[in-house]
Amino acid sequence: MSYRTYQKRTAALACAAALAGSAVLMAAPAAQAAVVDVNYQCKTPIGDKSAVSPIDIKGVRSGSGYKLTMSWQKGVSSSPVELGKGAMTPSAVIKVGGADSGTVAVTGPANAAAIPANTPIKISDLSGTYTPKKSGKVTFTAGVLTIKALGTTTTCSPSNSPKPSLTLDVKAAGGSSGSGSSGSSGSGSQGGSDSGGQLPQTGPADSAIALGTLGGTVLLAGAAGVLWLTRRHQAVRR
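Given the structure is predicted, the values throughout are model-derived calculations rather than measurements.

Draft legend 1. Main features of the packing of aromatic side chains. Within the structure shown, the criterion is met by two aromatic pairs. Between the aromatic rings of Tyr130 and Phe140, the centroid separation amounts to 5.0 Å while the plane-to-plane angle is 80°, which identifies the pairing as edge-to-face. Of this pair, Tyr130 sits in strand β7 (residues 126–130) while Phe140 sits in strand β8 (residues 136–149), placing them 10 residues apart in sequence. Both residues of the pair, Tyr130 and Phe140, count as buried. Through successive ring pairs, a cluster of aromatic residues spans Tyr66, Tyr130 and Phe140.

See below:
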């Protein structure tokens, strides 16, 4: 085998190892997300009401924290009278668990269109900012929803102990780890969308480290193989 052919083969081997490692690293998920059914029990001015709505929580990296967006796929509660445009303002809290603890307040805009009487109230996307206080896997679960309309307040509380809608592997600014202390860990903001950041990929969060390690191992193995073949070829030529 000529030396030029040997060089081509070793270069091809190195490229294959690099591509394999890159593919494994790119496949590593960053978060676990799920749509969770939440059974809300609502205390309204005209009596108790209940409704089940699938809840979705997304997290987007924003500076040293995360912008959380909470979405309702079905309406909750209702009003005996029509609610005109801008008459209803929603807000909620997201429970923080896992490595950290506390709550994140999320808010959103008033209703953009009139809501007919005795019709389930569709909640707009609510958003707020979460700043990690502890490093590790942090869960985010739907909490109490508050609806203010026409001078009244309706409070809806989850009654079915819902599972987390989102799990993120976060790192605190100070790099601390362990169980978090109680207290508020975020603030609400208007709107339900964000053009910046990157949405988390769905899948087990704890597989990211394992896949990343595997990708690094593939790269090192490829480089070691090329070095061994090169030295062996040089030894044979001597």
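Here the narrative resumes.
Draft legend 2. Here's a closer look at the nonpolar core. Ranked by internal contacts, the top residues of the largest apolar core, which has 35 residues, are Tyr40, Met70, Trp72, Tyr130, Phe140 and Leu145. Residue assignment for this core shows that the elements contributing at least two residues are β2 (36–44), β3 (47–62), β4 (65–72), β5 (88–98), β6 (102–107), β7, β8 and β10 (166–170). Among the elements that make up this core, the one with the highest residue count is β8 (six residues).

Draft legend 3. Examining the environment of Arg61 more closely. Its place among the elements puts Arg61 in strand β3. The class of Arg61 is partly exposed, set by a relative accessible area of 41%. Spatially, the C-alpha atoms of Arg61 and Thr129 are 9.6 Å apart, while their sequence positions differ by 68 residues. In terms of polar contacts, Arg61 uses its side chain to reach the side chain of Tyr66, at 3.1 Å.

Draft legend 4. Quick peek at the pattern of salt bridges. Under the criterion given, the structure shown has two salt bridges. The shortest N-O distance in the salt bridge between Lys43 and Asp48 comes to 3.1 Å. Judged by its relative accessible area of 53%, Lys43 is exposed. A residue is classified by how much of its surface remains accessible, and Asp48, at 58% relative accessible area, is exposed. Between Asp56 and Lys58 there is a salt bridge, with its nearest N and O atoms 2.3 Å apart. In this structure Lys58 comes out as partly exposed when scored by relative accessible area, which is 37%.

Draft legend 5. Structural view of unusual backbone geometry. We note that Asn118 has phi near 55°; this positive angle belongs to a residue other than glycine. Topologically, Asn118 is positioned in the loop between β6 and β7. In this structure, Ser161 is a non-glycine residue whose phi angle is positive, near 45°. The exposed category is assigned to Ser161, whose relative accessible area is 67%.

Calculation notes
- Residues numbered from 1 in each chain as written.
- Predicted model: local features only at pLDDT ≥ 70, side-chain atom pairs only at ≥ 80, totals over all residues.
- Heavy atoms only, no water.
- Phe/Tyr/Trp six-rings, centres within 6.5 Å; stacked < 30°, edge-to-face > 60°.
- Helix = DSSP H or I, 4+ residues; strand = E, 2+ residues; numbered from the N terminus.
- Buried < 20%, exposed > 50% of the residue type's maximum accessible area, 1.4 Å probe, protein only.
- Core = buried A, V, L, I, M, F, W, Y, C linked by side-chain atoms within 4.5 Å.
- Polar contact = N/O pair within 3.5 Å; in protein donor to acceptor, adjacent residues only side chain to side chain.
- Salt bridge = Lys/Arg side-chain N within 4 Å of Asp/Glu carboxyl O.

Function cannot be inferred from these measures alone, as they are strictly geometric.
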